[in-house]
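# Residue-level structure breakdown
As a plain string of letters, each chain reads:
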Amino acid sequence: AVLGGPVMLTCQASGADLVLSWPHGTLLQAAGPNGPWTPVIGAAPPSFTVTPVGPVFYRVQVYP
């Protein structure tokens, strides 16, 4: 796998859940777009299923 560089995070609805997919890096979540950002416990690529409660923002952090 290639590490670092841009990563695309995609999501797909699955009932009330969201399936988040990304190739590598750490999935982070926050209640707002400016953070604070925290790792999503148990999330690992290539995908992770979440049940969003209220507004939740996700992003992937990668290291060069």
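What this report covers is the structure whose coordinates are included nearby. Here the structure is a predicted model, which means the values were calculated and not measured.

## As for unusual backbone geometry
Residue P36 is bonded to the preceding G35 through a cis peptide linkage, with omega at 10°. A cis amide bond links P45 to the next residue, P46, at an omega of 15°. Checked against the element boundaries, P46 lands in the loop between β4 (38–39) and β5 (47–50).

## Overview of the sheet that holds strand β6 (residues 57–61)
Strands sit in the order β4-β3-β6 across an open sheet of 3 strands; the sheet is antiparallel. Only two strands of the sheet have a single neighbouring strand rather than two, namely β4 and β6. Taken together, the 5 bridges between strand β3 (residues 26–30) and β6 define a ladder with antiparallel strand orientation. Pairing of Q29 across the sheet is with Y58, part of β6.

## Considerations on the sheet that holds strand β2 (residues 17–21)
Taken together, the 3 strands give an open sheet; going across it, the order is β1-β2-β5, and neighbouring strands pair in antiparallel fashion. Only two strands of the sheet have a single partner each, and these edge strands are β1 (10–14) and β5. Taken over all neighbouring pairs, the strand axes of this sheet differ in orientation by 25° on average, direction set aside. The pairing of β2 with β5 spans 4 bridges and is antiparallel. Opposite S21, over in β5, you have S47 as the bridge partner.

## Description of the pairing of β3
Relative to β4, β3 runs antiparallel, the two being bridged by 2 bridges. Looking across to β4, one finds that Q29 is bridged to T38.

## Here's the deal with the environment of P55
Of note, P55 is situated in the loop between β5 and β6. Judged by relative accessible area, P55 falls into the exposed class, the value being 62%. For the pair P55 and G42, spaced 13 residues apart in the sequence, the C-alpha separation amounts to 20 Å. Apart from residues lying up to four places away in sequence, P55 is in contact with A30 and A31.

Definitions and cut-offs
Residues numbered from 1 in each chain as written. Predicted model: local features only at pLDDT ≥ 70, side-chain atom pairs only at ≥ 80, totals over all residues. Heavy atoms only, no water. Helix = DSSP H or I, 4+ residues; strand = E, 2+ residues; numbered from the N terminus. Pairing = 2+ DSSP bridges. Axes fitted to C-alpha atoms, helices over the stretch in contact; angles between N-to-C directions. Buried < 20%, exposed > 50% of the residue type's maximum accessible area, 1.4 Å probe, protein only. Contact = heavy atoms within 4.5 Å.

None of this, on its own, says anything about what the molecule does.
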